[in-house]
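Listed below, chain by chain, are the residues.
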Amino acid sequence: MPAKPKPQAAGTTNITAPGKADPASGSASPERGGTENPAITAAIPSPPPAAARTAASEAAGDPIHPIAEAPAAPVEPVEETVPEPVDLPEAAGTTADSRVESGTAAVEAEMPPPPSQAEVPGENLPESPHAPEWSPPVAAEMPESRPEVGPQPAQQPHIQHRPALFVVHITPELAPVAKVGGLADVVFGLGRELEIRGNHVEIILPKYDCMRYDQIWGLQRTFDDLWVPWYGGAIHCSVYFGFVHGRKCFFIEPHSQDNFFNRGAVYGFHDDILRFAFFSRAAMEFLWKSGKHPDVIHCHDWQTALVPVYLYEIYQPMGMRHPRVCFTIHNFKHQGVTGAQVLHASGLNRPEYYFHYDRLRDNHNPHAINLMKGGIVYANFVTTVSPRYAMEAKDQGQAFGLEPTLHIHHMKYGGVVNGIDYDVWNPETDPHIPVHFNVDTIEGKYADKKALRDRLLLADNEKPIVSFVGRLDPQKGIELIRHALFYTLGQSGQFVLLGSSPDGAINGYFWGLKRQFNDNPDCHLEIGYNEELAHLVYAGSDMIVVPSRFEPCGLTQLIAMRYGTIPVVREIGGLADTVIDKDFSHRPLHERNGYVFRDYDERGLESALGRAIACYYQYPDHFRELMKNAMRYDYSWNHPGQDYLNIYDYIREK
Ligand code: ADP
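If you're wondering where the values come from, they're calculated on a predicted model, not measured in any experiment. (Residues numbered from 1 in each chain as written. Predicted model: local features only at pLDDT ≥ 70, side-chain atom pairs only at ≥ 80, totals over all residues. Heavy atoms only, no water.)

1. With respect to the overall build of the protein
Stated formally: What counts as a helix is a DSSP run of H or I of at least four residues, what counts as a strand is a run of E of at least two, and both are numbered from the N terminus. Exposure categories follow from relative accessible area, calculated using a 1.4 Å probe and restricted to protein chains: below 20% of the type maximum is buried, above 50% is exposed, and the middle band is partly exposed. Residue contacts are defined here by distance: any two heavy atoms, one from each residue, within 4.5 Å place the two residues in contact. Areas reported as accessible are Shrake-Rupley estimates using a 1.4 Å probe. Residue values count occlusion only from the protein chains shown.
The secondary structure content of the protein amounts to 19 helices and 17 strands. A buried classification covers 61% of the 654 residues belonging to the protein. A fraction of 77% describes how many contacts in the protein between residues 6 or more apart in sequence connect residues 24 or more apart. Summing over all exposed atoms, the protein offers an accessible surface of approximately 24100 Å²; the carbon and sulfur share of this is 54%.

2. Here we look at the sheet that holds strand S10 (residues 381–384)
Definition in use: Being paired, for any two strands, means DSSP has found at least two bridges between them. Every angle, taken between N-to-C directions, lies between 0 and 180 degrees, and every axis is a line fitted to C-alpha atoms, over only the stretch in contact when it is a helix.
An order of S3-S4-S5-S2-S1-S6-S7-S10-S11 is seen for the nine strands of this open sheet, with the pairing classed as mixed. A single partner strand is all that each edge strand has here, and the edge strands are strand S3 (217–230) and strand S11 (413–415). The average undirected angle you get between the axes of adjacent strands in this sheet is 25°. Strands in contact with helix H4 (residues 272–289) are strand S1 (166–170), strand S2 (200–206), S3, strand S4 (233–244), strand S5 (247–255) and strand S6 (296–300); relative to S3, the strand with the most contacts, it is inclined by about 100°.

3. Some thoughts on the sheet that holds strand S12 (residues 465–471)
Strand order across the open sheet formed by six strands is S14-S13-S12-S15-S16-S17, with parallel pairing between neighbours. The open sheet is flanked by strand S14 (523–527) and strand S17 (595–597), the only strands paired with a single partner. The average angle at which neighbouring strand axes cross in this sheet is 15°, direction not considered. Judged from the four bridges that link them, strand S15 (residues 543–546) and strand S16 (residues 566–570) form a sheet pairing that is parallel. Each bridged residue has a counterpart across the sheet, and for Met543 the counterpart in S16 is Ile566. Sheet strands in contact with helix H14 (residues 531–540) are S12, strand S13 (494–500), S14 and S15, and its direction is about 145° off that of S12.

4. Topic: the side chain of Lys582
Which entries qualify depends on this criterion: In the analysis that follows, any N or O atom pair within 3.5 Å is treated as a polar contact, provided that within protein one partner can donate a hydrogen and the other can accept it, and provided that, for residues neighboring in sequence, both atoms belong to side chains.
Mapped onto the elements, Lys582 comes out in the loop between helix H16 (573–578) and S17. Side chain to side chain, Lys582 and Asp583 meet in a polar contact 3.4 Å long.

5. A short note on the site of the ligand
Here is the rule: Residue proximity to a molecule or strand is established when one non-hydrogen atom of the residue lies within 4 Å of it. Each residue is assigned to one of three groups, with Ala, Val, Leu, Ile, Met, Phe, Trp, Tyr, Cys and Pro labelled nonpolar, Asp, Glu, Lys and Arg labelled charged, and all others, Gly among them, labelled polar.
Neighbouring the ligand are 20 residues, the closest being Gly182, Arg471, Gly528, Tyr538 and Leu555. Between Tyr538 and the ligand, the recorded distance is 2.7 Å, taken from a side-chain N or O atom to an oxygen atom. One of the backbone nitrogen or oxygen atoms of Thr556 is found 3.5 Å away from an oxygen atom of the ligand. For the ligand, whose free accessible area comes to 560 Å², the fraction covered by protein is 93%. At the level of secondary structure, the elements contributing two or more residues to the shell around the ligand comprise helix H3 (182–196), S12, S13, H14 and helix H15 (556–562). By residue class, the composition of the shell around the ligand is seven nonpolar, eight polar and five charged.

6. A few points about the packing of helix H12 (residues 478–490) against helix H13 (residues 504–516)
Filter applied, for reference: When an angle is under 35 degrees it counts as roughly parallel; over 145 it counts as roughly antiparallel; between 65 and 115 it counts as roughly perpendicular; any other value is oblique.
Contact geometry for H12 and H13: axes closest at 12 Å, N-to-C directions at 5°. Relative to H13, the element H12 lies roughly parallel. Contacts between H12 and H13 involve Ile478, Ile481, Arg482, Leu485 and Phe486 from the former and Ile506, Tyr509, Phe510, Leu513 and Gln516 from the latter. Its residues assigned to classes, the contact of H12 with H13 comprises eight nonpolar, one polar and one charged.

7. Describing unusual backbone geometry
Ala175 connects to Pro176 through a cis peptide bond whose omega is -5°. A positive phi angle, near 60°, is found at Asp301, a position not held by glycine. Within the secondary structure, Asp301 sits in the loop between S6 and helix H5 (306–318). Asp301 sits in the buried class, given a relative accessible area of 8%. If you check the backbone angles, Ser492 has positive phi at about 60° while not being a glycine. For Ser492, the position within the fold is in the loop between H12 and S13. In this structure Ser492 comes out as buried when scored by relative accessible area, which is 8%.

8. A word on H12
Put simply, the rule reads: To estimate how far a helix should extend, the number of its residues minus one is multiplied by 1.5 Å.
Given a rise of 1.5 Å per residue, 13 residues ought to cover 18 Å, and the 19 Å separating the end C-alpha atoms of H12 matches this to within 8%. In terms of residue burial, H12 counts as a mostly covered element, since ten of its 13 residues are buried. Among all positions in H12, only Ile478, Leu480, Ile481, His483, Ala484, Leu485, Tyr487, Thr488, Leu489 and Gly490 are buried. Looking one or two residues beyond H12, the residue adopting positive phi is Ser492, at roughly 60°.

9. Topic: the packing of aromatic side chains
Quick note on the threshold: A pair of Phe, Tyr and Trp rings is counted when the ring centres sit within 6.5 Å of each other, with Trp represented by its six-membered ring. The angle between the planes then sorts it: under 30 degrees is stacked, over 60 is edge-to-face, the rest tilted.
In the structure shown here, the tally under the stated rule is 26 aromatic pairs. Between Phe276 and Trp302, the ring centres sit 5.9 Å apart and the planes meet at 85°, which makes this aromatic pair edge-to-face. Taken together, the residues span a long stretch of sequence, with Phe276 in helix H4 and Trp302 in the loop between S6 and H5 at a distance of 26 residues. Just as Phe276 is buried, Trp302 falls in that class too. Ring plane angle 80° and centroid distance 6.5 Å describe the contact between Trp425 and Tyr563, whose orientation is recorded as edge-to-face. Taken together, the positions of Trp425 in the loop between S11 and helix H11 (444–456) and Tyr563 in the loop between H15 and S16 put the pair 138 residues apart, joining distant regions of the chain.

10. Comments concerning H14
Among the ten residues of H14, eight are classified as buried, and the element is accordingly described as predominantly covered. Within the span of H14, buried status applies to Leu533, Ala534, His535, Leu536, Val537, Tyr538, Ala539 and Gly540. Residue Asn530 occupies the N-cap position of H14, its side-chain oxygen lying 3.3 Å from the main-chain nitrogen of Glu532.

11. Describing the environment of Phe623
Among the structural elements, Phe623 can be located in helix H18 (residues 620–632). Of the residues examined, Phe623 reaches a relative accessible area of 3% and is grouped as buried. Separated by 81 residues in the primary sequence, Phe623 and Asp542 have C-alpha atoms spaced 9.5 Å apart. Once residues within four sequence positions are removed from consideration, Phe623 is found in contact with Asp542, Met543, Ile566, Ala612, Cys615 and Tyr616.

12. Focus: the pairing of S14
Filter applied, for reference: Crossover handedness is defined here as right-handed if the route from the first strand over the helix to the second strand goes clockwise, with the strands pointing away from the viewer.
The element S14 is largely enclosed, with a buried count of five among its five residues. Burial of the side chains of S14 extends over both faces: Cys523, Leu525 and Ile527 are buried on one face and His524 and Glu526 on the other. In the sheet, S13 pairs with S14 via five bridges, with the strands oriented parallel. Counted as the bridge partner of Leu497 is Leu525 from S14. In this fold, the crossover linking S13 to S14 by way of H13 has right-handed handedness.

Laid out in structure tokens, this is it:
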């Protein structure tokens, strides 16, 4: 094979190439290997038919979708749906400070006093600060928790008739306009599902300069006189309204020298905690000033963890008594641990009160405030993104120090597996793949495999393509991703990587690998972020590896399955909840959809990836049945949407 340059694909962004590209030959010498497990030879019967949920079925009057989806094409917002600026309600006080003080006093009257005893974690703890308004559920009343029985192939959705809710998401990310990771996809997908089910959903996020403005329709300034209390004064903000693929979104733009959201990136700044503490306060101030009274405020991760604190300490005493808060933790690793400054800045003016162990004081550093802990303590319900991760966080030391807090608040804590947007990730309609296919026309996938090879200048041969898509973060198992590359090449496979890291050293390492394999016709590393290429990688690959150290939910394995690409995953977090091993499972054969390994080491990875590649070569019929099994699963927002509605109903009824 002649040496050929393999440039980065068009459209890949955030590429940091350390030094000059230096093509060097470095092809691994393929060795055949991998033994077949006798269990692989068992025939796999077909699963039951899927209940496909497409935009078409919704439009055709599927009874579960009472509200027609807004068009995805650019639209001018119709007058009735675009909120007009509204007159401001009379605030309890005239200045930011007076409101804060009155709010604080009111809460103090309702609050149990801090314990005078030594503050021993987990012992003699009073109720959470809003206990008078909120009593924890008893186990029998907990919202339905399907995932205990594991994922199920698609079935006809259960239709419930229930009153519509007004839900406001306060979020740092939203796909596709401001996406860093899966959180962005979750807010979009859940918001859409809630609307499909007849609820009114609005989304509030910062107005970043680096947003995909081409994905926002009808953007207009809708509220120009929002003064957000900050450091005893106030920062003037404008609020914009626009549609993001049908979702109703408000974008908050502060006008201050801090320049919080005009920095060319969503995260990565020394004052990130202050930036998002400000955003959370601004979102709450906007709800208050615009007279909105959502039934449920749903906030996400440490960035918006102060929302329930603000609600119960500042806004409820001022009169905002209606909303309840659901707080979703997408990743326990980042918690927003900081000093007292954030309290002074945001108007939580009594440090000694918030520095209490039962409120925001970090569990390990008595001099630090932990925003995520505050979110857990104050929210009416706390979810994380899979039941397995919920358990691992609470009971297996995966909560990065918040384990005792989760134990204290376990009655309002649970896990809901994320869904994926079945319109965005749909092999039957995906505009980013050349040939469409479904479970009955799965041959189309091989044309996409060919297209992926053409695009990445890979050799066209009989080999399976094993891919990785994701952030190159230590969480994702950097060492095992690297090992998967070498092992795949050694097992006569092709390997494709699409990923990037904000960490220069990690990025540099993968750029080194890219140069090493530049001339290898069976390997391509695409270092950067490329949404459109990701679609082709999912569609054109045979397998995807997700060897994470920990994985709250993981979307890549769900997306891959939608495209008939077999996941090879570590048995942790949401990966364990969604992937059923083909050979080692008690589940019926038709419910098995991938390969799983337990130990975070090279042998562990090989034990699963080796079986997958061996099956591909030696039992192609079985491999194809496995692909169909994976495609028949329903990992749309259908089930999680219902789970969240159960939680919303539950916290509303309390
Ligand atoms: P996390 O939220 O931890 O980053 P998830 O698996 O939950 O991981 O979600 C990752 C999402 O981001 C998926 O939609 C995946 O396709 C996308 N993604 C990650 N890295 C890239 C990349 N380099 N190019 C395109 N899409 C990416």
